[in-house]
Structures are given as structure tokens and as C-alpha cells.
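# What the coordinates show
Now for the letters of each chain:
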Amino acid sequence: EKFSLGLTGGIGSGKTTIANAFQALGASLIDTDLIAHALTRKDGLAMPQIREEFGDQAISDDGSMDRARMRALVFNDSAAKLRLEAILHPLIRSQTEQAAASATGDYLIFVVPLLIESGNWKQRVDRILVVDCAEEVQIARVMQRNQLSREQVSAIMRNQASRQERLAAADDVIVNEEELHLLQAKILTLHQHYLRLAAKKSG
Ligand code: ATP
């Protein structure tokens, strides 16, 4: 089993941006958001169960899960949220492990938005890298990218672990508040450290 890094951070912190930089250096990325998305596309593996559990209202005209509708449903209904997670989480987990088993990179990076919030994920990875940034920066990025109001972004952030909780669980931290090229040296140093840990793990 390869050395594995769990990469996490709050919404808009820059997880994807930073993960791509490590991939360019030779790590294998496994993005649980992309996997979840694929599961809920037209003919996605989760769609039969979602239709059975939530009915036709959960399905868009194009056959994919109606994300806006489901987001609204689970936002105010924690029982519905658990029902959806009971469908998605085992599928995400098995697809993740399949991807891990066939990955060819020097080590694995699991990109998991809610890693700190999940005991299972914390146990699965050898090390945790947190992409950190000021909450003001997160809010500004997500407002711009997703065309959301400040209040909408704040509401999402209140449902996630706090910056302090994430930092407390971190083995390594990248503060993503400057341009990417200014972070490259830090990324390279961490990558070299991970290569050494990966070599040690593989014996
Ligand atoms: P989410 O959890 O919402 O999927 P994320 O943590 O994966 O987000 P990204 O998608 O990487 O974050 O970044 C969020 C937005 O901020 C993107 O539009 C991205 O281009 C921008 N961004 C990320 N890092 C930087 C940076 N260092 N400088 C400028 N813009 C950045």
C-alpha cells in the first residue's frame, strides 16, 4: 500500500489548485468530489438508489441528480442528509480504493473536503496536509467563482470544521493566500519530504 496524503481545506481554500501542483510533480490525485460527481451523473452508479430513496424529484431532466434541489433538501433536513450520505459514502469509498489500487504515482493524494470531519478518512491516510487561508479570502473567492452572496458562503462555512479545528489536525500546512508561483518552493519542499516518507513506507 502506497504512502497516502489526505489533502483538505475549507471551501475555496484552494485544494484543487494545490493538489494539481503536487500532481505535476508526480503524485497520483484521487479527488473525492470528482468521484461523487461522477456517481451522480446520468447513468452514475448512485442514480438507481437515489431515485429509489428520493423519487423522481431528485432527478434532473438530463438524468443526473438535481444538485440544487438536493442541496436545498439536505441543508435543512439532517435525516435526508444522512440518507443521501448512506448511499454516496460507501460508493465513494469503494471507487476511491479502486483508484488508489491502480494509481501509478510516487504516492497518493486523497482530496477530501470534509476530511477533518470524518474519522474514517483521518484513519485512512498516513498524513494530513491542510490548505489554509483567511476566511475573508475564502469568502471572496467563492462569492466570485460561484456567484453566491456573502451570507450564502458563510452559511456553507458554518457547516464545515473551523479553521482552528483543521489546523489542529494538520501535519503540514500550506497558506494559500498568495499567487501560486510564490508557493512553488514550499510545495516542492513538501513533495520531497513525501517522497522520502513514501520510500520509507515501501521499505
Ligand atoms: P472547493 O472546496 O470550493 O471545491 P477548492 O478548495 O478546491 O474549492 P480551488 O477550486 O482550488 O479551491 O480554488 C477556489 C478558487 O480560488 C478558484 O477559482 C481558484 O482559481 C482560486 N484560487 C485558488 N488558489 C489561488 C491563488 N493562490 N491565487 C489566486 N486564486 C486562487
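This report concerns the structure included in the present document. (Residues numbered from 1 in each chain as written. Predicted model: local features only at pLDDT ≥ 70, side-chain atom pairs only at ≥ 80, totals over all residues. Heavy atoms only, no water.)

### Quick word on the overall build of the protein chain
Threshold: Numbering of helices and strands runs from the N terminus, with a helix taken as a DSSP run of H or I at least four residues long and a strand as a DSSP run of E at least two residues long. The globule rule used here is 2.2 Å times the number of residues to the 0.38 power, and the radius of gyration it is set against is calculated over C-alpha atoms. Any two residues whose heavy atoms approach within 4.5 Å are treated as being in contact. Accessible surface is estimated by sampling points in the Shrake-Rupley manner with a 1.4 Å probe; for residues, cover comes only from the protein chains shown. His is not counted here, nor are the chain ends, while Lys and Arg score as positive and Asp and Glu score as negative. Charge positions are represented by NZ for Lys, CZ for Arg, CG for Asp and CD for Glu.
Within the protein chain, the secondary structure is distributed over ten helices and five strands. For the protein chain, whose C-alpha radius of gyration is 18 Å, the value lies close to the compact-globule estimate of 17 Å for 203 residues. Taking the principal axes of the C-alpha coordinates as reference, the protein chain spans close to 50 × 40 × 30 Å. A separation threshold of at least 6 residues defines the contact pool for the protein chain, and within that pool the share at least 24 residues apart is 72%. A total accessible area of about 11,100 Å² is found for the protein chain, and carbon and sulfur atoms account for 50% of it. The average position of the 24 basic charges and that of the 26 acidic charges among the side chains of the protein chain differ by 3 Å.

### What to know about the site of the ligand
Using the following cut-off: Consider each residue's heavy atoms; a residue with any of them within 4 Å of a molecule or strand counts as near. Throughout this description, a polar contact denotes any pair of N or O atoms lying within 3.5 Å of each other; where both atoms belong to protein, one of them has to be capable of donating a hydrogen while the other can accept it, and for residues adjacent in sequence the pair is counted only when both atoms sit in side chains. Residue type decides the class: Asp, Glu, Lys and Arg count as charged, Ala, Val, Leu, Ile, Met, Phe, Trp, Tyr, Cys and Pro as nonpolar, and the leftover types, Gly among them, as polar.
The ligand sits among G10, I11, G12, S13, G14, K15, T16, T17, R141, R145, N176 and E178. One of the side-chain nitrogen or oxygen atoms of T16 is found 2.8 Å away from an oxygen atom of the ligand. In this structure, an oxygen atom belonging to the ligand sits 2.5 Å away from a side-chain N or O atom of R145. Across the complex, the protein chains shield 70% of the 630 Å² of accessible surface that the ligand would expose by itself. Elements with a minimum of two residues in the shell around the ligand: α1 (15-25) and α7 (135-146). Per element, the largest residue contribution to the shell around the ligand is three residues, and it comes from α1. Here the shell around the ligand is built from residues that sort into one nonpolar, seven polar and four charged.

Bear in mind that shape data such as this cannot, by itself, settle questions of function.
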